[in-house]
Amino acid sequence: MNRITKRTLLSMLSISLIYILFFPLPIPELTIRRDLLTTSPLVALTGEVIEGKIKNDPKYGDLYIVPEVDLSFIYVKTNKIGWYVVSRGTAP
């Protein structure tokens with residue numbers, strides 16, 4: 001590869017990484033996995049994310065459950081850009 005191609009590839013990779021780490025993601029499961037990445041990296045990569053029964057709660061949003069972690073109930077909401085985690089807890 002020539003120098004310009006390597007530089008372009010590196011810049012595209014850097015922009016993608018910054019987007020994934022700091023901006024809301026397009027689907028709730030990826031948002032939950034990113035949130036779990038800091039506390040439980042193994043569960044974030046291999047754990048099961050279960051869709052809960054609470055949908056469109058005006059204060060918290062949608063409920064998802066990750067049984068392998070202590071704070072297993074995770075609420076996510078959506079905005080114009082994508083999904084983000086609102087709160088985590090032990091029970092709804």
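Structural notes, computed from the coordinates. Note that the structure is predicted; figures quoted are calculated from it, not measured.

### What to know about the pairing of strand E3 (residues 73-78)
Okay, step 1: Alignment of strand E2 (residues 62-65) against E3, held across 4 bridges, turns out to be antiparallel. Residue Asp 62 lies in a different strand from E3, and its bridge partner there is Val 76.
Okay, step 2: Relative to strand E4 (residues 83-89), E3 runs antiparallel, the two being bridged by 6 bridges. Looking at the pairing, Lys 77 lines up with Tyr 84 of E4.
Okay, step 3: Between E3 and the antiparallel strand that follows it, E4, lie 4 residues.

### Re unusual backbone geometry
Leave glycine aside and you will find that most residues have negative phi; peptide bonds, for their part, are mostly trans.
Okay, step 1: The backbone phi angle of Asn 56 is positive, close to 55°, even though this residue is not glycine.
Okay, step 2: One can find Asn 56 in the loop between strand E1 (50-51) and E2.
Okay, step 3: The class of Asn 56 is exposed, set by a relative accessible area of 67%.

### Let's talk about the pattern of salt bridges
Okay, step 1: One pass over the full model with this rule turns up 3 salt bridges.
Okay, step 2: Note that Arg 33 is salt-bridged to Glu 29, the shortest N-O span being 2.9 Å. Placement of the pair is Arg 33 and Glu 29 together in helix H2 (residues 28-37), with a separation of 4 residues, close to one helical turn.
Okay, step 3: A relative accessible area of 18% means that Arg 33 is categorised as buried.
Okay, step 4: Of the residues examined, Glu 29 reaches a relative accessible area of 35% and is grouped as partly exposed.
Okay, step 5: The shortest N-O distance in the salt bridge between Glu 51 and Lys 55 comes to 2.6 Å.
Okay, step 6: Relative accessible area serves as the criterion here: at 51%, Glu 51 is assigned to the exposed category.

Cut-off values and rules
- Counting from 1, residues in each chain are numbered in the order their sequence is written.
- Residue-level local features of this predicted model are given only where pLDDT is at least 70; pairs of side-chain atoms are given and counted only at 80 or more, and the full residue set underlies all totals for whole chains, interfaces and linings.
- To get the side-chain values, all heavy atoms of the structure are used, and hydrogens and water are removed first.
- Strand pairing follows a simple DSSP-based rule, namely that at least 2 bridges must link the two strands.
- Each helix is a run of DSSP H or I of at least 4 residues and each strand a run of E of at least 2, with the numbering of both proceeding from the N terminus.
- The rule is simple: take the accessible area with a 1.4 Å probe, protein chains only, and divide by the maximum for that residue type; under 20% is buried, over 50% is exposed, in between is partly exposed.
- Each reported salt bridge corresponds to a side-chain nitrogen of Lys or Arg within 4 Å of a carboxyl oxygen of Asp or Glu.

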